[in-house]
Amino acid sequence: MSFRSYSRALLAMMGLFGAFGGMQTALADDHGGRTSRVPLLPKYQEECAACHVAYPPGMLPQASWQRIMNNLPRHYGTDASLDAATVRELSSWLDANAGTYKRVAEAPPQDRITRSAWFIRKHDEVSESVWKRPSVKSASNCIACHTQANQGVFNEHDVRIPR
C-alpha cells in the first residue's frame, strides 16, 4: 500500500470512528470512496433530532434517503410531515452527502440503518438482550450507548452500554 493510499485509509477510518469529535458534524461520503465529516445542516438537526438522533447522511445511500423523505407522513409508524420547502432543503443536503462507498451503497431492508450489513457487522458482539433493555430499547437508539451520537460521533471508545 502506498503512503498516499495509507493516508487516505487512515483519514477515512478517523472520520468513520469519530476521531474528530466535538464538532456538530456528520459522516458523509465524498463520492470518491472516502468518508469525511460534514457540518450538520441546522434545519436537519432541528427537525430530525427532535425525535431521534440526526443520523449522519453517509449511513444510507441516496436512494434510501429519497424514499424516507418522500414518505414522511408514514415515517416508520409516525407522521413526520414537513412543509415542502423544508423537505426540498433536507432532501438536497441528504442527497449531496449520502453514502456511496461500498459499505453503504446497497440500500438496507426497509431503508433501516440497523438492518444494513455494515451495522450488523459492527454490532455483532451486542446480544439481543442488550437491545431489549429498558435503558436501550432498540438498536436505533444510538445515543443509549454511543455517548456522542448527537454530534455525529460513533467512536467505539466512547461506547458505554447501560445496564
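Residues numbered from 1 in each chain as written. Predicted model: local features only at pLDDT ≥ 70, side-chain atom pairs only at ≥ 80, totals over all residues. Heavy atoms only, no water.

**Remarks on the environment of Ala49**
The test is simple: The secondary structure listing takes helices from DSSP runs of H or I that are at least 4 residues long and strands from runs of E that are at least 2 residues long, numbered from the N terminus. Should any heavy atoms of two residues lie within 4.5 Å, those residues are considered in contact.
Topologically, Ala49 is positioned in the loop between helix 2 (42–48) and helix 3 (62–69). For Ala49 and Asn150, which are 101 residues apart along the polypeptide, the C-alpha to C-alpha distance reads 8.0 Å. If near-sequence neighbours (up to four positions away) are discounted, Ala49 is found in contact with Tyr44 and Ala54.

**Remarks on the environment of Gln66**
Stated formally: Working definition: with a 1.4 Å probe on protein chains only, accessible area under 20% of the residue-type maximum means buried, over 50% means exposed, and in between means partly exposed.
Here Gln66 shows up in helix 3. Looking at Gln66, the relative accessible area reads 35%, which means it is partly exposed. Separated by 29 residues in the primary sequence, Gln66 and Asp95 have C-alpha atoms spaced 7.5 Å apart.

**Description of the packing of aromatic side chains**
How we decide: Whether two aromatic rings pair depends on their centres lying within 6.5 Å, for rings of Phe, Tyr and Trp, where Trp uses its six-membered ring; planes under 30 degrees apart make the pair stacked, over 60 edge-to-face, and the rest tilted.
Across all of its chains, the model carries 3 aromatic pairs by this definition. Ring centres of Tyr44 and Trp93 lie 4.8 Å apart, and the angle between their planes is 45°; this geometry places the pair in the tilted category. Of this pair, Tyr44 sits in helix 2 while Trp93 sits in helix 4 (residues 84–97), placing them 49 residues apart in sequence. For the pair Tyr44 and Trp93, a shared accessibility class is recorded, and that class is buried. Relative to Phe119, the ring of Trp118 lies with its centre 6.2 Å away and its plane at 70°, an arrangement referred to as edge-to-face. Under the relative-accessibility criterion, Phe119 is labelled buried at 6%. Taken together through their ring pairs, the aromatic side chains of Trp118, Phe119 and Trp131 make up a single cluster.

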